[in-house]
Amino acid sequence: MKVLRTAAEMRALRDELRGQPLTVGLVPTMGYLHQGHDSLLAAARAECDVVVMSLFVNPTQFRPGEDLSTYPRDEERDFAIAEATGVDYVYAPQPDDVYPSGFATKVEVEGLTEVLCGSETSRGPGHFRGVTTIVAKLLNAVDPDFAYFGQKDAQQATVIRRMAEDLEFRAKIVVLPTVREPDGLAMSSRNAYLSPQARERATAIWASLQETEAVFAEAGLEPALEAGRRHLELAGITPEYFEARYPGTLDPADGRSGDPILVAVAAKVDGTRLIDNILLEPEHEGSTP
Ligand code: AMP
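Residues numbered from 1 in each chain as written. Predicted model: local features only at pLDDT ≥ 70, side-chain atom pairs only at ≥ 80, totals over all residues. Heavy atoms only, no water.

Participant: I tried to follow unusual backbone geometry on my own but got confused; where do I start?
Facilitator: A positive phi angle, close to 50 degrees, is found at Y32, a residue other than glycine. The residue Y32 is located in the loop between β2 (24-29) and α2 (35-47) in this model. Relative accessible area serves as the criterion here: at 26%, Y32 is assigned to the partly exposed category. One non-glycine residue, D270, lies in the positive phi region at around 45 degrees. (Helix = DSSP H or I, 4+ residues; strand = E, 2+ residues; numbered from the N terminus. Buried < 20%, exposed > 50% of the residue type's maximum accessible area, 1.4 Å probe, protein only.)

Okay, structure coming up:
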């Protein structure tokens, strides 16, 4: 496995690969790898000739006051995991190389980025501007055939699909299911922040979504959302949002069309912001993402 530290090295690799009949898979990450990342890397390894993982804690997707400076990092461990999963190249640039002085371009997907995590009461639309700008840069730099993302960040996946389509990126965007701890908590680099007590309480997030799914099958959407929100409340968790939306448009869902419904939640547990979601399939009750 080779580590590339600069955009120039990445460009040289891309030029070298372009002349060869090889498929390239890109897995963008902010590091501190867990089994969620590993599932994306393994899928890329299975489907592509060359696997590139990017490792970059992207400063522009953090709001002032968020956890940019404390975001967990362990590059050596990440390299070891990536190598064990069969990654060929890690692209781990420095912020100054990604955003040199004079950098002035932002990629913005309208509409989809102003709700849920993009609302002013959550991370704000600037969060997704940061995400789409870095992912556009990575898609340009690596020029992959396939790029892999997790359903855990469902809104991010929707936004990136839209961007890739609108800007005619060549890469096929692949979105893979959420990987969970045995007790259901969605794996996240931020789980490392949780005290044992907070870790225990955080299990209420996935449990509340499962409760939502169970009630949805019996009683429909509104009672299901109420049940999910109540479950969180009883665990002492006040969500930033707990909402039903159609997954492709992120329009509010009323459950009347029979289309799948995304129920997405964000909540702080003892100061650690966690997100999760579930896809409700009106015709195929009981399925989970
Ligand atoms: P991050 O390093 O948190 O920016 O995540 C990098 C990629 O891994 C994103 O596409 C995430 O959606 C995906 N990811 C993070 N957590 C999980 C998980 N528990 N299961 C599946 N994919 C995940």
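We are not done yet, so read on.
Participant: Any chance you could explain the domain arrangement of the protein here in plain terms?
Facilitator: In many reports, interface size means the accessible area that the parts give up when they come together. According to the domain assignment, the protein consists of domain 1 (2-176) and domain 2 (194-280). Taking only C-alpha atoms, the centre of domain 1 and the centre of domain 2 are 26 Å apart. Summed over both partners, the interface of domain 1 with domain 2 buries about 1100 Å², with 63% contributed by carbon and sulfur atoms. Looking only at domain 1, the three residues that lose the most surface to domain 2 are L116, K152 and T158, adding up to 43% of its buried area. Counting every contact that joins domain 1 to domain 2 gives zero salt bridges. At the junction of domain 1 and domain 2, the tally comes to five residue pairs in polar contact (both at pLDDT 80 or more). Partitioning the side of domain 1 that touches domain 2 into residue classes produces five nonpolar, five polar and three charged. (Domains from an automatic or database assignment. Buried area = accessible area lost by both parts, 1.4 Å probe. Salt bridge = Lys/Arg side-chain N within 4 Å of Asp/Glu carboxyl O. Polar contact = N/O pair within 3.5 Å; in protein donor to acceptor, adjacent residues only side chain to side chain. Nonpolar A, V, L, I, M, F, W, Y, C, P; charged D, E, K, R; others polar.)

Participant: Is there a simple way to explain the nonpolar core in this structure?
Facilitator: Soluble globular proteins tend to pack their nonpolar side chains together in the buried interior. By size, the foremost hydrophobic cluster in this structure holds 44 residues, and its most contacted members are V52, I134, V135, L139, M163 and Y241. Shared between two domains, this core holds at least three residues of each, these being domain 1 (2-176) and domain 2 (194-280). Excluding residues within four positions of it along the chain, I134 makes contact with F56, N58, Q61, V98 and Y99. Listed in part, the 28 residues of the second largest apolar core include L194, F216, L225 and V269. (Core = buried A, V, L, I, M, F, W, Y, C linked by side-chain atoms within 4.5 Å. Contact = heavy atoms within 4.5 Å.)

Participant: Would you take a moment to explain the side chain of S54 for this structure?
Facilitator: Relative to the elements of secondary structure, S54 occurs in strand β3 (residues 50-55). The residues touching S54, leaving out its near neighbours within four places in the chain, are L26, V27, P28, T29, Y91 and L138.

Participant: Would you take a moment to explain the sheet that holds strand β9 (residues 272-280) for this structure?
Facilitator: Each strand in a sheet pairs with its neighbour through backbone hydrogen bonds, running either in the same direction (parallel) or in the opposite one (antiparallel). Judged by pairing direction, the sheet is antiparallel, and its three strands sit side by side in the order β7-β8-β9 without closing on themselves. The sheet terminates laterally at β7 (239-245) and β9, the two strands that pair on one side only. When strand polarity is set aside, the average angle formed by the axes of neighbouring strands in this sheet is 10 degrees. Both strand β8 (residues 261-269) and β9 contribute to a ladder of nine bridges, which runs antiparallel. Counterpart to K268 in the pairing with β9 is R273. (Pairing = 2+ DSSP bridges. Axes fitted to C-alpha atoms, helices over the stretch in contact; angles between N-to-C directions.)

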